[in-house]
Amino acid sequence: MDLLLAEIGSTTTVMNAFTDLDSDDPKFLGQGQSHTTVLEGDVSIGLRLALEDLEAKLPGWSYAGAEMLATSSAAGGLRMTVHGLVYDMTVRAAREAALGSGAVVTMVTAGRLRRGDLKKIQELKPKMFFLAGGTDYGERDTAIYNYELLMSVMPEIPLVYAGNIENHEELTLLGEEAGYKLYLSENVYPSLDQLNIEPARHLVHQVFEEHIVHSPGMGKIRELVSGHILPTPGAVMEATLLAAEMLGDVMVFDVGGATTDLHSATAGSPTIEAIQSQAEPFAKRTVEGDLGLYVNRQSLIEQFSPEERKAKLPEAERFLKEAKEIPTDAGERDFLEALTIKACDVALKRHAGRLVNLYGPTGRQTIAKGKDLSQIKYVIGTGGALTRLPHGRKILERALTGQKRDLLLPTEELSYLLDQDYIMAALGVLAKRHPRAARILLLKSLGLPLDLAQNAVAD
């Protein structure tokens, strides 16, 4: 049976079709597209239009009877506020888990919440709370205090708790008394300098699936989507981890109309790990909300120096006024290519860790701060810009050259790959149901032979 995978974006809905998923040769059939109809109050309209476009591109094919899975960043994506105890410990761990799950983190707090915090949270209208605080069998009271406040101020918003496990029973009792929806996970920061974000990341996906139907315009999504629904960035992270299983250390650039996301899956080098100032997760995502090619085009242009603007963006004013998502001539393509290069360049600088010199009574000491990318072997491009502009690989290469010496960037020769079928997000969801097929289809989309990794054909 064929399987459909919808990617419901903020402006565009893409429909992917796959077949022969249980065979040794799973196939990607094609892709249909429509505008997203969340603002019309019914996202299923856009889904059906994308299905009709897909059928028109595949003469003789019909989607009748096919199961549908989906990813979504529509209706503002998975907006989440994150609350912990200490910024450099539980708060940072909670934020890493939230970003890795695909959330749009709109607010982060440390310590006890104040009235001003609660007012801002209500204004932000998050779709989920993420609460941490305290190592296991450590401090308990702050998380309990914050839980009671969040539960009282927005009782309709589900909460994922991933803090001190000693609080589980207390929070459960409080939630049951109030009829509040609480989800418990392992602690994201169980002991000093230990991160444990994977259990919470997967729990967030579960909660997202349960509650997405309550988002504006998404109420009828279950009429068509019968299987998994993941936040789109979370699905790209799942595909990044698939690539890492097969290829080794990888980094994935996802340049979009509203944000530029960078995913990395690497443990780094033992040498750098020995001088790390803080623990870093194996899989890390950073999202840059000021580096979008369409929604945030003006803020991205501001990343260029005056000299760069004059040389690389001679028609910036015209393209700012037109603000087209899809280029229609060579001038627009050159403009978008320059923006994409800058987005990748800035996103990499923000994602990568660096070496820092500290000076004390014993002299200079060099420490590492942030994500070590020195062992990365493969750099992958996905998203509309990198997969559809004519020079996607060259854009990636440009991003990795000319960087500052103190950044913890790849040290060996790199392989640059493109998600040619633009299906990484889809494959991140597909892997939940058909992991073997997802691996094979990912290698195909990257233009790699299947014998590169034996585990590409083993569940």
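Residues numbered from 1 in each chain as written. Predicted model: local features only at pLDDT ≥ 70, side-chain atom pairs only at ≥ 80, totals over all residues. Heavy atoms only, no water.

J.: Run through the pairing of strand β4 (residues 67-72), naming residues and quoting values.
T.: Most of β4 sits inside the fold, with six of its six residues counted as buried. A two-sided burial pattern is seen for β4, the buried positions comprising E67, L69 and T71 on one face and M68, A70 and S72 on the other. Sheet topology note: the strand β1 (residues 3-8)/β4 ladder contains six bridges and is parallel. The partner of I8 across the bridge, within β4, is S72. (Buried < 20%, exposed > 50% of the residue type's maximum accessible area, 1.4 Å probe, protein only. Helix = DSSP H or I, 4+ residues; strand = E, 2+ residues; numbered from the N terminus. Pairing = 2+ DSSP bridges.)

J.: Give a detailed account of the sheet that holds strand β13 (residues 283-288), specifying residues and quantitative values.
T.: Read across the sheet, five strands follow the order β13-β12-β11-β16-β17 without closing on themselves; strand pairing throughout is mixed. One side of each edge strand has no neighbouring strand; the edge strands of this open sheet are β13 and β17 (415-418). Sheet twist, expressed as the average angle between the axes of neighbouring strands with direction ignored, equals 15°. Two elements, strand β16 (residues 378-382) and β17, share four bridges in a ladder whose sense is parallel. Opposite Y378, over in β17, you have S415 as the bridge partner. (Axes fitted to C-alpha atoms, helices over the stretch in contact; angles between N-to-C directions.)

J.: With reference to specific residues and values, describe a nonpolar patch on the surface.
T.: Together, V86, M89 and L192 line one region of the surface with nonpolar side chains, adding up to about 260 Å² of accessible area. Structurally, the position occupied by M89 is in helix α2 (residues 87-101). Taking the relative accessible area as the measure of exposure, M89 reaches 33% and is therefore partly exposed. (Patch = residues over 30% accessible without salt bridge, like charges linked within 9 Å, V, L, I, M, F, W, Y side chains within 5 Å. Areas by Shrake-Rupley, 256 points an atom, 1.4 Å probe, with all protein chains shown as cover. Salt bridge = Lys/Arg side-chain N within 4 Å of Asp/Glu carboxyl O.)

J.: Talk me through the pattern of salt bridges; I want residue IDs and the actual numbers.
T.: Where charged atoms of side chains with opposite charge meet at close range, the side chains can pair. Tallying each qualifying case throughout the model produces 22 salt bridges. Across the salt bridge formed by K27 and D25, the nearest N and O atoms sit 3.3 Å from each other. Relative accessible area serves as the criterion here: at 35%, K27 is assigned to the partly exposed category. For D345, the salt bridge is made with K349, and the minimal N-O distance between the two is 3.5 Å. Pair noted here: D345 and K349 are both in helix α12 (residues 330-351), with a separation of four residues, about one helical turn.

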